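Descriptive analysis of the structure
Each chain, written out:
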Amino acid sequence: MVERTLTAVETDLIERAHRVLPGGSLGNIGKDIVITEGKAGRVRDASGNEFVDFLLGSGPMLIGHAHPEVTEVVREQVDKGTTFFANNDQAIMLAEELVDAMACADKVRFTSSGTEATFYALRTARAYRRRDKILKFEGGFHGMHDYALMSMSPANPHDFPRPTPDSPGIPRAIEDEVLIAPFNDIETATAIIEQHHDELGAVIVEPFQRLLPPKPGFLQGLRDVTAQYGIPLIFDEVVTGFRFAYGGAQEFYGVAPDMCSLGKVIAGGFPLAALAGKEEIMSHFDPASGDALPQIGTLSGNPVAAAAGLKTLEILRREGTYERIFATGNTLRSELQRMLNEAEIPASVVGEAPLFDVFFTDGEITDYRSTLTANKQMLNRFNELLLARGVLKGDTKFYISLAHSNADVEHTLNAFASAIEDLKG
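Okay, the overall build of the protein chain next. Of the regular secondary structure elements, the protein chain holds 14 helices and 14 strands. At 22 Å, the protein chain has a C-alpha radius of gyration in line with the 22 Å of a compact globule built from 425 residues. With the principal axes as the frame, the protein chain shows a C-alpha extent of 65 × 55 × 45 Å. Put simply, the protein chain has 425 residues, and 55% of those count as buried. Long-range contacts, defined here as pairs at least 24 residues apart, represent 70% of the contacts in the protein chain between residues at least 6 apart. A total accessible area of about 18300 Å² is found for the protein chain, and carbon and sulfur atoms account for 50% of it. Distance between charge centres in the protein chain, computed from 39 positive and 59 negative side chains, equals 3 Å.

What follows is the structure in structure tokens.
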């Protein structure tokens, strides 16, 4: 396989990035790579190297890069105007589609990022419940606001339910308002909720946490205990919404929350996200409610992003779409596990067909603390070997797209085989 080579153009861009960007990056991935083009299931860097792309912009490009139908509607909307602040037809139609698709959704509010969506979901739930504390799950990712950055990736976790801040700059008072439970442990989570039920404004969870599928009964157990005490249950579906099924993880796992956050796929590659929920909770956004919760965003419901999202969702509704995504993912996932087994490298491929990765460990991976047993240096090495062989992914996660072709799959399987051979050595 040909190793990745850098031209003077990309080297210059990387040097310039390090002069003007902290750490030389946008803050998302640390690789010294500059992407200049994406088409379908592949991207090119500034040196002209082509990669099968499993990063997919961290997930939004579920139907592939620069889909011609999405590009067409975006151009049409740009000619009509790019933002209005007032209501627009594209955002209204997208809101209708989200309400139709998601089991928990009676009403929708748009934001520009998933971070905002989860932040407002928590604020709205607290307004509805008139309680301040939230419960989240250790290792859960809900964006970059202060509540989300509690025990997202703690190096030295505290005993449950005490949180561990993941960033400097978070007020210490926030620690008193967040409780932490272990994912996939319904007994411990239930005990914490029962003990603190009269203080809790909300429970928020990724129904599929990062790469961890829920154990049978876990999500239903959360639904039961939160319903018992009248605590809003929020599914963070920024990642899983429209990816696992058209109705999101709610449909895929068969459990409906009270609210959900949505992003990535619904924007078709543009900056747009949303929170959706039951009428009695979402009514707090209504100025006529008498107890209105303000939410103002210059680009919330941006018509260009909404147009891209509408077309993306239309494409996903077509016959055979999810079957193809799952077939691609299952092939890659099963073949990767088979190759690792044959190489006698202790590893488990974890996740669902549209979203998975490998953990280099011989232990079972079910929650955040079990992920800490994996060999991260081995994963980093594997990622580097794949990149050199024309396969791009993030530090964790293979995102699968509808646009990944049979040739992309074959290229990736060959890269797996070659990279694993090097790992053995």
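With 94 residues, the main nonpolar core has Leu98, Phe137, Phe242 and Phe382 as its most contacted residues. Here Leu98 is in contact with Ala105, Val108, Phe110, Phe242, Leu262, Ile266, Ala274 and Leu313, once residues within four sequence places are set aside. Ranked by size, the runner-up nonpolar core spans 22 residues in total, among them Tyr147, Ile174, Ile180 and Met282.

With that settled, consider the sheet that holds strand 3 (residues 50–53). Taken in spatial order, the four strands line up as 1-2-3-13 in an open sheet, and their pairing is mixed. The open sheet has two free edges, formed respectively by strand 1 (35–39) and strand 13 (391–392), since each of these has just one partner strand. The sheet contact formed by strand 3 and strand 13 spans two bridges and is parallel. Across the sheet, the residue bridging to Asp53 is Leu392, located in strand 13.

Before going further, it helps to spend a moment on helix 3 (residues 89–101). The terminal C-alpha atoms of helix 3, which comprises 13 residues, lie 19 Å apart, in line with the 18 Å expected from a rise of 1.5 Å per residue. Taken as a whole, helix 3 has its buried residues at Gln90, Ala91, Leu94, Ala95, Glu97, Leu98 and Ala101. Down the axis of helix 3, the sector holding all buried residues measures 160°, keeping them to one side. Structurally, helix 3 contributes buried residues whose contacts are with helix 2 (68–80), strand 4 (107–111), strand 9 (259–262), strand 10 (273–277) and helix 10 (303–316).

Here we come to the side chain of Gln337. Within the fold, Gln337 resides in helix 11 (residues 321–342). Polar contacts involving the side chain of Gln337 include one to the main-chain amide nitrogen of Val349, which spans 2.7 Å.

A few words now on helix 11. Quick reminder: α-helices carry 3.6 residues per turn. Residues three or four places apart thus point the same way. Relative to the 32 Å expected for 22 residues at 1.5 Å per residue, helix 11 spans 32 Å between its end C-alpha atoms, a close match to the ideal helical length. Every buried residue belonging to helix 11 is among Thr321, Tyr322, Ile325, Phe326, Thr328, Gly329, Leu332, Leu336, Gln337, Met339 and Leu340, and all of these are buried.

Our focus in this paragraph is unusual backbone geometry. Following Phe160, the chain continues into Pro161 via a peptide bond in cis, with omega recorded as 5°. Notably, Ser151 is not glycine yet its phi reads approximately 55°, a positive angle. In this structure, Ser151 sits in the loop between strand 5 (133–137) and helix 5 (172–175). Residue classification places Ser151 among the buried positions, given a relative accessible area of 2%.

To continue, consider the packing of aromatic side chains. Applying the stated criterion across every chain yields a total of 16 aromatic pairs. Between the aromatic rings of Phe137 and Phe183, the centroid separation amounts to 6.4 Å while the plane-to-plane angle is 85°, which identifies the pairing as edge-to-face. Taken together, the residues Phe137 in strand 5 and Phe183 in the loop between strand 6 (178–181) and helix 6 (186–196) connect sequence positions 46 residues apart. Take Phe137 and Phe183: they sit in the same class, and that class is buried. Pairing Phe244 with Tyr253 gives two aromatic rings, centres 6.4 Å apart and planes at 80°, and the pair type is edge-to-face. Since its relative accessible area comes to 2%, Phe244 is described here as buried. Three or more aromatic residues joined by ring pairs form one cluster here, namely Phe54, Phe356, Phe360, Phe382, Phe398 and Phe416. Positioned above the aromatic ring of Tyr147, the side-chain terminus of Arg126 is 4.8 Å from the ring centre. We note Lys393 situated over the ring of Phe398; from NZ or CZ to the ring centre the distance is 5.0 Å.

Turning next to the sheet that holds strand 5. As summarised here, the arrangement of the seven strands in space is 4-10-9-8-7-5-6, forming an open sheet in which the pairing is mixed. Of all strands in the sheet, those with a lone pairing partner are strand 4 and strand 6, marking the two edges. With strand direction ignored, the average angle separating the axes of adjacent strands in the sheet is 20°. Here strand 7 (residues 200–205) pairs with strand 8 (residues 233–237) via three bridges, running parallel.

Our focus in this paragraph is the environment of Val70. One can find Val70 in helix 2. The buried category is assigned to Val70, whose relative accessible area is 7%. Once residues lying within four places of it in the same chain are set aside, the contact partners of Val70 are Ile63, Gly268, Ala308, Lys311, Thr312 and Ile315.

With that settled, the discussion passes to the environment of Val358. You can see Val358 is positioned in strand 12 (residues 355–359). Accessibility expressed as a relative area gives 1% for Val358, which makes it buried. A sequence separation of 299 residues divides Val358 from Gly59, and the C-alpha atoms of the two residues are 17 Å apart. Setting aside its immediate chain neighbours within four residues, Val358 contacts Leu336, Leu340, Ala347, Ser348, Val349, Leu379 and Phe382.

The rules behind these values
- Residues numbered from 1 in each chain as written.
- Predicted model: local features only at pLDDT ≥ 70, side-chain atom pairs only at ≥ 80, totals over all residues.
- Heavy atoms only, no water.
- Helix = DSSP H or I, 4+ residues; strand = E, 2+ residues; numbered from the N terminus.
- Rg over C-alpha atoms; globule rule 2.2 N^0.38 Å.
- Buried < 20%, exposed > 50% of the residue type's maximum accessible area, 1.4 Å probe, protein only.
- Contact = heavy atoms within 4.5 Å.
- Areas by Shrake-Rupley, 256 points an atom, 1.4 Å probe, with all protein chains shown as cover.
- Lys, Arg positive; Asp, Glu negative; His and termini not counted.
- Charge placed at Lys NZ, Arg CZ, Asp CG, Glu CD.
- Core = buried A, V, L, I, M, F, W, Y, C linked by side-chain atoms within 4.5 Å.
- Pairing = 2+ DSSP bridges.
- Expected span 1.5 Å × (residues − 1).
- Arc of directions from axis to C-beta.
- Polar contact = N/O pair within 3.5 Å; in protein donor to acceptor, adjacent residues only side chain to side chain.
- Phe/Tyr/Trp six-rings, centres within 6.5 Å; stacked < 30°, edge-to-face > 60°.
- Lys NZ or Arg CZ within 6 Å of the ring centre and 35° of its normal.
- Axes fitted to C-alpha atoms, helices over the stretch in contact; angles between N-to-C directions.

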